[in-house]
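Below, each chain spelled out in residue letters.
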Number of protein chains: 2
Amino acid sequence: MANNYNNNNVRIDPATGLRIINFSAGPGLMPVSVLAEAGQSMASFSQGHGLMELSHRGKAFEAVLAETEADFRQLLAIPDGYSVLFMQGGATLQFSTVALNLVGADADAKCDYIVTGAWSAKAAEEAERLLGKGRVNVVVSTKKSKHNGDVPALDQWKFSQKQAYVFYCDNETVHGVEFGNKFPFDAIPSNVPLICDMSSNILSGPIDVSKYGLIFAGAQKNMGPAGVTVVIIRDDLLSPSRKCATQPIPQLLDYNTYSTSQSMYNTPPTFPIYMCGLVFKWLKTEIGGLDQMSAINTAKSSALYNAIDGSNGFYVCPVNKAYRSRMNVCFLVNPKSPDAAALEKRFLAEAEAKGMVQLAGHRSVGGVRASLYNAMTLENVQILIAFMKEFQARV
Amino acid sequence: MANNYNNNNVRIDPATGLRIINFSAGPGLMPVSVLAEAGQSMASFSQGHGLMELSHRGKAFEAVLAETEADFRQLLAIPDGYSVLFMQGGATLQFSTVALNLVGADADAKCDYIVTGAWSAKAAEEAERLLGKGRVNVVVSTKKSKHNGDVPALDQWKFSQKQAYVFYCDNETVHGVEFGNKFPFDAIPSNVPLICDMSSNILSGPIDVSKYGLIFAGAQKNMGPAGVTVVIIRDDLLSPSRKCATQPIPQLLDYNTYSTSQSMYNTPPTFPIYMCGLVFKWLKTEIGGLDQMSAINTAKSSALYNAIDGSNGFYVCPVNKAYRSRMNVCFLVNPKSPDAAALEKRFLAEAEAKGMVQLAGHRSVGGVRASLYNAMTLENVQILIAFMKEFQARV
């Protein structure tokens, strides 16, 4: 199993013969075995037809949908009393959807946002734009420290007196900041729904779904192709009393539309859902489940962070060690050097010439970012580390 | 070219050896050559990676997006001054989006809906739910005649005095009713935007885009897989003055969000967009453009309607001849017979046993429905006609 996993993501550029390692922050790498199976079923999945040519109301796709949901529930050990919805629009549309569906009728209750990076900041902005300033409270923000993971101590967090919900983003893809099990779950009263954007770390390891009211994730990091968004919602949050009382919710932004129709109110994105199903099977059978996936992810990110921290300051990760992401490892190349900008450029160009692509940090922050989603192998991370050492020794 | 097209959609069920003809109303049939190319690029499109693994901000996908839009513009001869947007959520989400983006600030202006089937009825309902009863006017409705295409004469249409826009659905998939060039374009004042849902007949033939303010279409009939929605919008309709003044628009439901970001505000559904691009190439090169496509579509639907009308009442199409759809041919099996229900069931079962699948009408109306989207060949329609004649002679 482990050997198979270690070797199945070797990619050769047919044009150059170069081995390519794709560190894209998303859409991200997918397992080779998943792509091979999907390629075959493209033209022939059922009765000589490809998956994407089949009616969503036919038996073949209904079976795919049911199995995809069942595997997802099994992987995350989702308890009874939660619904799984397949939506569209990515995490960004969920920023609007969460606000409209969960602000509730009580005009005194506020939506509490924990801001630790670009995505939670955007979520809070969109909620404020839709609901009005008075309804949104930023509990804590790391904006002043450029979202470097210096999360203030809990006694400095300013929760609202009356909370509609508490929102956070578990892994901030742009800044490389991750809560994981360090999130202060005990600070959230049990009657307040905890809402989490897990777009970039879902399925990277086990979580306790029962701590959440709602979890959402765009597929294109750890699950499948762009075009499907998976939502896990505790059923009591589907109550009309949770919804915005001041404006109607567009039908396809209402979670109830999906929960009452098994995500089939209108045509769902059938092929992206099918691809997620293949990835779930890969996690179950080739990886062996989320405990194993988590161990692999820790091994990958630890190896890279150790290389950065052991470089005598040549490579610097600006993120507080307590909140460093396992998925997106951000670092700078010799930032104290007067030639830092040129060095970073050279690092990225030389890495690319060796086949290590998509290593540039998000355009809003710069630097280097290696995204190590589930399909990235430890072997490929070690190739990056070897290059980093060789580059440091040479320049 | 024509021979190639006639022969390239032969599908054999590998399990039974049976030739399968898929009349699904959507997601629909796709050209075999498109699926073959997509299957290959699944695992290797650029640098040894599949299309869906590539960053949407990388050069490879940006080139796909640009070429897809350019081919679409060329096929439909879209004039300057119109933007093409790639969205998500299907036509159903557009029912909400159109209302919120185009109702305008003038509280006296009404949104005029022309209702000729299930989809335009849903669009009007959603606009009314979002905007309030006072803002929506049903100009004309064929509901009383069960949406059978008995469209009243134009002098009975009740347009509003002050119109925010006029909405219609060009092809009603459930009822098999199509306007096409019979739509009374001259009845729409030039300063009133004409909005059209073309989900199930876009690219079935040439249209004059300049007559429209906005056209939208879910991809899964004539363009590609479910998961992408294409919008053509005249740029003046992007003005803030057109938008709903009484409630904020969720960011990803605002057309401006897409027009100012080349549909890349957040991650677009990259693979579904790529598939549309392959279908556009197929239309250009294998079919030869929309004039040729239109001729093929007329040949297919005419052959089937002629068979129905020439059956001495054994097969009956309930749709007014003037508004029969080229895409979705609905008919009943010997409806005057006391055994009509049993006969229809037998017809569908025997057709399926011969490999002609997905012929049952929409669950809300029953009957038989043969969807003849662009990828359906004349040869396959003739196989259905031959079966219909044989069935009639035998029972």
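Parameters and conventions
- Residues numbered from 1 in each chain as written.
- Chains lettered and ligands numbered in written order.
- Predicted model: local features only at pLDDT ≥ 70, side-chain atom pairs only at ≥ 80, totals over all residues.
- Heavy atoms only, no water.
- Helix = DSSP H or I, 4+ residues; strand = E, 2+ residues; numbered from the N terminus.
- Expected span 1.5 Å × (residues − 1).
- Buried < 20%, exposed > 50% of the residue type's maximum accessible area, 1.4 Å probe, protein only.
- Domains from an automatic or database assignment.
- Contact = heavy atoms within 4.5 Å.
- Buried area = accessible area lost by both parts, 1.4 Å probe.
- Salt bridge = Lys/Arg side-chain N within 4 Å of Asp/Glu carboxyl O.
- Polar contact = N/O pair within 3.5 Å; in protein donor to acceptor, adjacent residues only side chain to side chain.
- Pairing = 2+ DSSP bridges.
- Axes fitted to C-alpha atoms, helices over the stretch in contact; angles between N-to-C directions.
- Parallel < 35°, antiparallel > 145°, perpendicular 65-115°, else oblique.
- Nonpolar A, V, L, I, M, F, W, Y, C, P; charged D, E, K, R; others polar.
- Least-squares fit on C-alpha atoms with pLDDT ≥ 70 in both.
- Core = buried A, V, L, I, M, F, W, Y, C linked by side-chain atoms within 4.5 Å.
- Disulfide = S-S within 2.5 Å.

### A word on helix H7 (residues 270-287) of chain A
Residues spaced three or four apart along an α-helix face the same direction, because each turn holds 3.6 residues. The end-to-end C-alpha distance of H7 of chain A is 25 Å, a good match for the 26 Å that 18 residues give at a rise of 1.5 Å each. Where burial is concerned, most of H7 of chain A is hidden: 15 out of the 18 residues are buried.

### Some remarks on the domain arrangement of chain A
Bring the parts together and some accessible area is lost; that lost area is often taken as the interface size. All names here are of chain A. When cut into domains, chain A gives domain 1 (2-28 + 289-394) and domain 2 (42-284). Between the C-alpha centres of domain 1 and domain 2 there is a distance of 28 Å. With 31 residues of domain 1 at the contact, the number on the domain 2 side is 29 residues. Broken down residue by residue, the surface that domain 1 buries against domain 2 is led by Leu290, Tyr323 and Asn374, which jointly contribute 31%. At the boundary of domain 1 with domain 2, the tally comes to 0 salt bridges. At the junction of domain 1 and domain 2, the tally comes to 17 residue pairs in polar contact (both at pLDDT 80 or more).

### Considerations on the pattern of salt bridges
A side chain with one charge can pair with a side chain of the opposite charge if their charged atoms come near. The full count for this structure, using the stated rule, is 34 salt bridges over all chains. As a salt-bridge pair, Arg346 of chain A and Glu350 of chain A come within 3.0 Å of each other at their nearest N and O atoms. Here Arg346 of chain A and its partner Glu350 of chain A are both found in helix H9 (residues 340-353), 4 residues apart, which amounts to about one turn of the helix. With a closest N to O distance of 3.9 Å, Asp309 of chain B and Lys321 of chain B form a salt bridge. Placement of the pair is Asp309 of chain B in helix H8 (residues 290-309) and Lys321 of chain B in the loop between strand S12 (315-316) and strand S13 (328-333), with a sequence separation of 12 residues. When its relative accessible area of 37% is taken as the criterion, Asp309 of chain B is described as partly exposed. Given a relative accessible area of 61%, Lys321 of chain B falls into the exposed group. Each of Glu67, Asp71, Lys281 and Lys284 of chain A takes part in salt bridges that share partners, so that together they form one network.

### Considering the pairing of strand S15 (residues 368-371) of chain B
All names here are of chain B. Residues of S15 alternate between two faces, with Val368 and Ala370 on one and Arg369 and Ser371 on the opposite face, all of them buried. Bridge analysis of S13 against S15 gives 4 bridges, and the strand direction is antiparallel. By the bridge assignment, Val329 is partnered in S15 with Ala370.

### Digging into the packing of H7 of chain A against helix H8 (residues 290-309) of chain A
All names here are of chain A. Following both chains from N to C, one finds H7 and H8 inclined at 85 degrees, their axes separated by 9 Å at the closest point. Taken together, H7 and H8 sit at an angle that is classed as roughly perpendicular. On H8, the residues that touch Trp282, Leu283 and Ile287 of H7 are Leu290, Gln292, Met293 and Ile296.

### What to know about the interface of chain B and chain A
Tallying the contact residues gives 63 residues for chain B and 63 residues for chain A. Across the chain B to chain A interface the summed buried area is about 4900 Å²; carbon plus sulfur atoms make up 58%. Counting the surface chain B buries against chain A, the share from its top three residues, Gln47, Met52 and Glu53 of chain B, is 13%. Residue Glu53 of chain A is joined to Arg11 of chain B by a salt bridge in which the shortest nitrogen-to-oxygen separation is 2.6 Å. Inspection of the region where chain B meets chain A yields 18 residue pairs in polar contact (both at pLDDT 80 or more). Residue classes in the side of chain B that touches chain A are distributed as 29 nonpolar, 26 polar and 8 charged.

### Structural notes on the relation of the copies chain B and chain A
Superposing chain B onto chain A requires a rotation of 180 degrees together with a translation of 0.0 Å along the rotation axis, leaving an RMSD of 0.0 Å. Both chain copies can therefore be described as sitting about a two-fold axis. By C-alpha distance to the rotation axis, the residue of chain B lying nearest is Gly39 of chain B, at 2.2 Å. Residue by residue, 100% of the interface of chain B is reproduced at the interface of chain A, so both copies engage with the same surface.

### Let's talk about the sheet that holds strand S1 (residues 11-12) of chain A
All names here are of chain A. Spatially, 3 strands are ordered S1-S2-S14 in an open sheet, and the strand pairing comes out mixed. Sheet topology places S1 and strand S14 (356-357) at the edges, where each strand pairs with a single neighbour. As paired strands, strand S2 (residues 19-22) and S14 are joined by 2 bridges and run parallel to one another. The partner of Asn22 across the bridge, within S14, is Val357.

### Points about the environment of Ala303 of chain A
If you trace the backbone, Ala303 of chain A turns up in helix H8. The sequence separation of Ala303 of chain A and Gly48 of chain A amounts to 255 residues, and the corresponding C-alpha distance is 46 Å.

### Quick notes on the nonpolar core
Formed by 184 residues in total, the largest nonpolar core has its most connected members in Phe72 of chain A together with Phe72 of chain B. In contact with Phe72 of chain A, other than residues within four places in its own chain, are Ile78, Val84, Ile202, Leu203, Met223, Val230, Ile232 and Phe280 of chain A. One finds Met87, Val103 and Ala109 of chain A together with Met87 of chain B within the second-largest nonpolar core, a separate group that totals 74 residues.

### Section: the environment of His147 of chain A
Residues and elements named next belong to chain A. Here His147 lies in the loop between strand S5 (136-141) and strand S6 (163-169). Taking the C-alpha atoms as reference, His147 lies 8.0 Å from Ala118; in sequence the two are 29 residues apart. When sequence neighbours within four positions are dropped, the list of residues in contact with His147 reads Val115, Thr116, Gly117, Ala118, Ser141, Thr142, His175 and Val177.

### Things to note about unusual backbone geometry
Residue and element names in this part refer to chain A. Residues Gly26 and Pro27 are joined by a peptide bond in cis, for which omega reads -10 degrees. Along the chain, the position of Pro27 falls in the loop between S2 and helix H2 (32-43). Residues other than glycine seldom take positive phi values, yet Gln358 does so here, at roughly 65 degrees. Checked against the element boundaries, Gln358 lands in the loop between S14 and strand S15 (368-371). Using a relative accessible area of 36% as the deciding quantity, one classes Gln358 as partly exposed.

### A word on the sheet that holds strand S10 (residues 214-218) of chain A
All names here are of chain A. With respect to topology, 7 strands assemble into an open sheet ordered S3-S11-S10-S9-S6-S4-S5, the strand pairing being mixed. In the strand order of this sheet, the two ends are held by strand S3 (82-87) and S5, each with one partner. Neighbouring strand axes in the sheet, compared pairwise and without regard to direction, differ in orientation by 15 degrees on average. With 5 bridges joining them, strand S4 (residues 110-115) and S5 adopt parallel strand pairing. The partner of Asp112 across the bridge, within S5, is Asn137. Against the sheet, helix H5 (residues 118-131) contacts S4, S5, S6 and strand S9 (194-197), and its axis sits at roughly 160 degrees relative to S4.

### A few points about the state of the cysteines
Every disulfide links exactly two cysteines, by a covalent bond between their sulfur atoms. All names here are of chain B. This structure, assessed with the given rule, holds 0 disulfides over all chains. In this structure Cys111 is not part of a disulfide, and its nearest cysteine sulfur, from Cys244, lies 9.2 Å away. Cys169 supplies the cysteine sulfur nearest to Cys196, a cysteine that is in no disulfide, at a spacing of 6.8 Å. Residue classification places Cys196 among the buried residues on the basis of a relative accessible area of 0%.

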